[in-house]
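Topology and contacts: notes
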Amino acid sequence: MIELPRDEIKSERIILRKWIDSDLEALYEFGRVEGVGEAAGWHHFLSEYDARDFLEMFKSLNTVFCIYHRGDEKAIGTLDFIVDKDYPDGKTMCIGYSLSKNYWGREIMKEAIEAAIPFFKSENMSRLSANVYSTNANSIKLLKKLDFKFMYEFEDKDVDGRPIVAEKFVKEI
């Protein structure tokens, strides 16, 4: 299993790093906004307890980057990864992400994914994949900007368990 690197990954505006206890307030702040979690496949937080559960999960999994905004000095999103089982060679990392609505449209997530690519390469990955709901136009636009290629549609379930069409995108790295 691949885990977060020991060292932080820095770019111009953000730092990708492990989650720490002091991120709780910021995680709750962006995760309680309706639409943020739902786009990523989870319900928005109804209480700080929900955020605490996610924070503990992020820390224990050790496969979820905290996207920390350098200028605002707070956590503003997530970038998670698992080996994509659709590719039997084990060299494809499937990424998922969420971002505070306050930072949408600023290319922060593009910067985060680009900053993480050298880490994935160092772990001998040859491609990245992402599964997104067909209704998530912003995420599809982001993946296309990053030169991810559409592969196919498939039926998935939304956050409430209802059937929804999703799309798989892949990028060689």
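Worth saying up front: this structure is predicted, and the values here are computed from it rather than measured.

Parameters and conventions
- Residue positions within a chain follow its written sequence, with the count starting from 1.
- pLDDT decides what is reported in this predicted model: residues at 70 or higher carry local features, side-chain atom pairs at 80 or more are listed and counted, and totals for whole chains, interfaces and linings draw on all residues regardless.
- Side-chain calculation: all heavy atoms of the structure are included, whereas hydrogens and water are not.
- Among the buried residues, those of types Ala, Val, Leu, Ile, Met, Phe, Trp, Tyr and Cys that are joined through side-chain atoms within 4.5 Å form a nonpolar core.
- For every residue, the accessible area obtained with a 1.4 Å probe (protein chains only) is divided by the maximum for its type, and the residue is called buried under 20%, exposed over 50%, and partly exposed between those limits.
- For helices the rule is a DSSP run of H or I covering at least 4 residues; for strands it is a run of E covering at least 2, with both sets numbered from the N terminus onward.
- Any two residues whose heavy atoms approach within 4.5 Å are treated as being in contact.
- Whether two aromatic rings pair depends on their centres lying within 6.5 Å, for rings of Phe, Tyr and Trp, where Trp uses its six-membered ring; planes under 30 degrees apart make the pair stacked, over 60 edge-to-face, and the rest tilted.
- Any two strands are treated as partners once DSSP identifies two or more bridges connecting them.
- A clockwise path from the first strand over the helix to the second, with the strands pointing away from the viewer, defines a right-handed crossover.

Of all hydrophobic cores here, the largest spans 34 residues; its most connected members are Leu16 and Ile95. Broken down by secondary-structure element, the contributors of at least two residues to this core are strand S2 (14-17), strand S3 (64-69), strand S4 (74-83), strand S5 (92-99), helix H4 (108-122), strand S6 (127-133) and helix H5 (137-145). Counting residues per element, this core draws most heavily on H4, at 9 residues. Among residues more than four places away in sequence, those in contact with isoleucine 95 are Leu79, Asp80, Phe81, Ile113, Phe120, Leu128, Ser129, Ala130 and Phe148. In terms of nonpolar packing, the next biggest core, distinct from the first, is built from 18 residues, Leu24, Trp42, Cys66 and Tyr68 among them.

What follows is about the packing of aromatic side chains. Applying the stated criterion across every chain yields a total of 12 aromatic pairs. A ring pair is formed by tryptophan 42 and phenylalanine 45, whose centres lie 5.2 Å apart and whose planes are at 20 degrees; its orientation type is stacked. Assessed through its relative accessible area of 13%, tryptophan 42 is described here as buried. With a centroid separation of 5.3 Å and 50 degrees between ring planes, the pair formed by phenylalanine 119 and phenylalanine 120 is classed as tilted. The class for phenylalanine 119 is buried, based on a relative accessible area of 8%. Three or more aromatic residues link up through ring pairs in this structure, and these residues are Trp19, Trp42, Phe45, Phe54 and Phe58.

If you trace the backbone, glutamate 153 turns up in strand S7 (residues 149-157). When the C-alpha positions of glutamate 153 and glycine 90 are compared, they lie 22 Å apart, and in sequence the two are 63 residues distant. Contacts of glutamate 153, omitting those with residues within four sequence positions, involve Ser134, Val165, Ala166 and Glu167.

Moving on, we come to the pairing of S6. In terms of residue burial, S6 counts as a mostly covered element, since 6 of its 7 residues are buried. Where S5 lies against S6, 4 bridges are found, and the strand directions are parallel. From the neighbouring strand, methionine 93 faces S6, where its bridge partner is leucine 128. For the handedness criterion, the β-α-β arrangement of S5, H4 and S6 is classed as right-handed. Strand direction decides the pairing type here: S6 and strand S8 (residues 163-172), joined by 7 bridges, are antiparallel. Within S8, the position partnered with tyrosine 133 by the bridge is alanine 166.

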